[in-house]
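Observations on the model geometry
Each chain, written out:
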Amino acid sequence: MSRVDQGQVDQDCADQARADQGRAGQRRTESAAPSGGGRLSAAMLLPALPLESMDALSPMHLVLDDSGHVIHAGPTMQKLRPDLPMAGQRFLELFELSRPRAVSSMAALLASAGIKLHLRLRDDPRTPLKAVLVPLAPDGQGRRGAVVNFSFGISILDAIQTYTLHSGDFAPTDLTIEMLYLIEAKTAAMEASRTLNLRLQGAKIAAEEQAYTDTLTGLKNRRAMDHILARLVRTGQDFALMHLDLDWFKQVNDTHGHAAGDYVLQHVARLMVDETRAGDTVARIGGDEFVLLFHNLTKRSRIEEIATRLIRRLEIPISFEGASCHISCSMGTTLSTFYDQPRPDQMLADADSALYASKKAGRARHSFFQSEPG
Amino acid sequence: MHGLINRSIQCFLRDTYGDALWLDVAAAADLPFVEFEAMLVYEDALTGRVLDAAAVKLKKTRAMVLEDIGTYLVSHPNNEGLRRLLRFAGLGYEDFLHSLDDLPDRTRLAVSDLDLPELELRQHSASRYSITCSAGFPGFGHVLVGILRAMADDYGALVILDHMGEAQRVETVEVTLVETAFAEGRAFELGGKAG
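The present account deals with the structure reproduced in this document.

Conventions we followed
Residues numbered from 1 in each chain as written. Chains lettered and ligands numbered in written order. Predicted model: local features only at pLDDT ≥ 70, side-chain atom pairs only at ≥ 80, totals over all residues. Heavy atoms only, no water. Helix = DSSP H or I, 4+ residues; strand = E, 2+ residues; numbered from the N terminus. Buried < 20%, exposed > 50% of the residue type's maximum accessible area, 1.4 Å probe, protein only. Contact = heavy atoms within 4.5 Å. Areas by Shrake-Rupley, 256 points an atom, 1.4 Å probe, with all protein chains shown as cover. Salt bridge = Lys/Arg side-chain N within 4 Å of Asp/Glu carboxyl O. Polar contact = N/O pair within 3.5 Å; in protein donor to acceptor, adjacent residues only side chain to side chain. Nonpolar A, V, L, I, M, F, W, Y, C, P; charged D, E, K, R; others polar. Phe/Tyr/Trp six-rings, centres within 6.5 Å; stacked < 30°, edge-to-face > 60°. Lys NZ or Arg CZ within 6 Å of the ring centre and 35° of its normal. Pairing = 2+ DSSP bridges. Axes fitted to C-alpha atoms, helices over the stretch in contact; angles between N-to-C directions.

For chain A, the helix and strand inventory stands at 13 helices and 13 strands. Looking at chain A as a whole, 44% of its 374 residues are labelled buried. Sequence-distant contacts in chain A: of pairs separated by 6 or more residues, those separated by 24 or more amount to 60%. On chain A, roughly 19,200 Å² of surface is accessible, and the fraction owed to carbon and sulfur atoms is 52%.

Below is the structure:
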């Protein structure tokens, strides 16, 4: 640690100190040559450090006299209060210590030499500061001043907003500027990363949506239906699984072409969404095959009602570019309540066999799966 | 080549000449996408194709395009952040010149996988400097000329810049500092950017 010779400080500050402090004038102005003793021999080896040198090494320092008054402020320190010369002020009236507490005298300040001080200016802006105090060599009469070196610490980001600071306000060896540089560079890099993440997340959601959607009808696809069915079974909810197959759809395709077929499928999809509740699942799992999952619905009469309405609405001819397309549908339903341990593949197979029964019975109808033969 | 570099080229073309030109260049360079991501790394060949396509579209030499990119990086309002980072170098243009040696290391502090070519500043007299940039990044010397020119404006310094060409994969740029305080320059406050 650099040493400041108390006498040199007195000399350099004599003018302002005298102007601000009557007592400064009484101070001895010759160098504080120690009268002897091993404890001070090191001091004799070090030449006095001019204030300009102190200002360059530590632009944020204050020199205190033995009464605890500021007799010199480093240039950056003074920038914190451009309109109030710090020299002449009592240190403890300028600053409030939060750690250590209860420091109310120069003696107590000197006792805290060498430890990290947490303090802030008493008036606004009350920027928090870190500091360390070191005693000066005593003068001939045993009076000790001190040097307090400050740093903004982590409050540097607020400080550069509050005060007009430039890179020249920090010692060339101070890493503050490097830290500010790093903060800005990291912020920019993080921003770039965040942008990329957002874009990737958007793409992921779109891809997932696409992976679970039947592009022609906008209904869920087979993969989505498998997921939902597995979840229903896993969570032990009651539900109905209806397998639906269009009747005479092949004829529409053959007679009126694929464009008409596509149009009919889209129309049918809208109808099915219409006839089901928002929480139900409607999926297109094949060319003209659909699976409907009715969540928390196992009442036969209600399902029968839905099936009847579906058939009635599907049988209304659909006109496409002047052509009238006639279709209907066959349905087979199984209920989760039919099983002790429902299994997706079992339920799909059973709904399919119920559908087959509907087809066999003449189409355009709905059947429930019959677990017992006959 | 790092996405930041590719994206800089893309932003330069888009901000300076418009979206349509960038899309033309992307098509002419046969890019499999129209948007470089700043934080991904791309094949070096892509960068070369984009620069060549841009030179053809703009009817400029590749060197001129590169120099324009350098100027754009410092002077365009969209890149205020980068200008600020460079201004952290110090109070005057000479401080800035002397900080170039540190530039690749500083860059690595922020983006660890972004390798810039090594830069070395030599001072020949009070006002004459030369900067060498080493291999790995052909044409970076021209970008550097653009950056040096724009930063001189930023500091209000008057400089003469010469790209001395390339020898053994090392490019050399000569800098003559005519006047350090030629014009007002732009302000730089440490706290100029909130947050």
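Within chain B one finds eight helices and four strands. Residues counted as buried form 48% of the 195 residues belonging to chain B. When contacts within chain B are restricted to residue pairs at least 6 apart in sequence, long-range pairs at least 24 apart make up 61% of them.

Here we take up the environment of Ser125(B). Take Ser125(B): it is sitting in the loop between strand S1 (119-123) and strand S2 (128-133). Spatially, the C-alpha atom of Ser125(B) lies 9.4 Å from that of Thr176(B), the residues being 51 residues apart in sequence.

This part covers the interface of chain B and chain A. Taken together, the contact between chain B and chain A spans 23 residues of the former and 22 residues of the latter. Counting across the chain B and chain A interface gives three salt bridges. Taking the shortest distance from any N to any O, the salt bridge between Glu178(A) and Arg106(B) comes out at 3.3 Å. At the surface where chain B touches chain A, the tally comes to five residue pairs in polar contact (both at pLDDT 80 or more). Those elements that provide at least two residues to the side of chain B that touches chain A are helix H5 (80-87) and helix H7 (103-110) of chain B. In terms of residue count, H7(B) provides more of the side of chain B that touches chain A than any other element does, four residues in total. Within the side of chain B that touches chain A, the residues separate by chemical class into 12 nonpolar, four polar and seven charged.

On to the packing of aromatic side chains, then. Aromatic ring pairs are described here by two measures, namely the spacing of the ring centres and the angle between the planes. Evaluation of the coordinates by the stated rule reveals 16 aromatic pairs over all chains. Measuring from centroid to centroid gives 5.7 Å for Tyr93(B) and Phe96(B), while their planes differ by 40°, and the two rings are tilted. With a gap of three residues between them, Tyr93(B) and Phe96(B) both fall in helix H6 (residues 93-99), about one helical turn apart. Judged by relative accessible area, Phe96(B) falls into the buried class, the value being 1%. Here the aromatic cluster, defined as three or more aromatic residues joined through ring pairs, consists of Trp22(B), Phe33(B), Phe36(B) and Tyr42(B). One Lys or Arg, Arg300(A), reaches over the ring of Phe368(A) and ends 4.6 Å from the middle of that ring. Between the NZ or CZ atom of Arg87(B) and the centre of the ring of Tyr155(B), over which it lies, the distance is 4.2 Å.

This part covers unusual backbone geometry. Residues and elements named next belong to chain A. Pro100 follows Arg99 through a cis peptide bond whose omega is -10°. The residue Pro100 is located in the loop between strand S3 (95-99) and helix H6 (106-111) in this model. At the junction of Asp124 and Pro125, the peptide bond is cis and its omega measures out at -10° in the coordinates. As for its position among the elements, Pro125 is in the loop between strand S4 (116-121) and strand S5 (128-135). Even without a glycine there, the phi angle at Ala102 is positive, about 55°. Structurally, the position occupied by Ala102 is in the loop between S3 and H6. A relative accessible area of 78% means that Ala102 is categorised as exposed.

Within a beta sheet, neighbouring strands are joined by backbone hydrogen bonds and run either parallel or antiparallel to one another. Residues and elements named next belong to chain A. Pairing in this open sheet of six strands is antiparallel, and the strands run S2-S1-S6-S5-S4-S3 from one edge to the other. In the strand order of this sheet, the two ends are held by strand S2 (70-73) and S3, each with one partner. Strand after strand, the sheet turns through a mean of 35° between neighbouring axes, direction not considered. Of the strand pairs in this sheet, strand S1 (residues 61-64) and S2 are connected by three bridges, and their pairing is antiparallel. Pairing of Leu64 across the sheet is with Val70, part of S2.

The subject of this paragraph is the pattern of salt bridges. On inspection of all chains with the given rule, the structure shows 37 salt bridges over all chains. Across the salt bridge formed by Arg313(A) and Asp274(A), the nearest N and O atoms sit 3.4 Å from each other. Linking Arg313(A) in helix H12 (residues 300-314) with Asp274(A) in helix H11 (residues 258-275), this pair joins segments that are 39 residues apart in sequence. Asp274(A) sits in the exposed class, given a relative accessible area of 52%. Across the pair Lys60(B) and Asp68(B) runs a salt bridge whose closest N-O atoms are separated by 2.7 Å. Looking at Lys60(B), the relative accessible area reads 28%, which means it is partly exposed.

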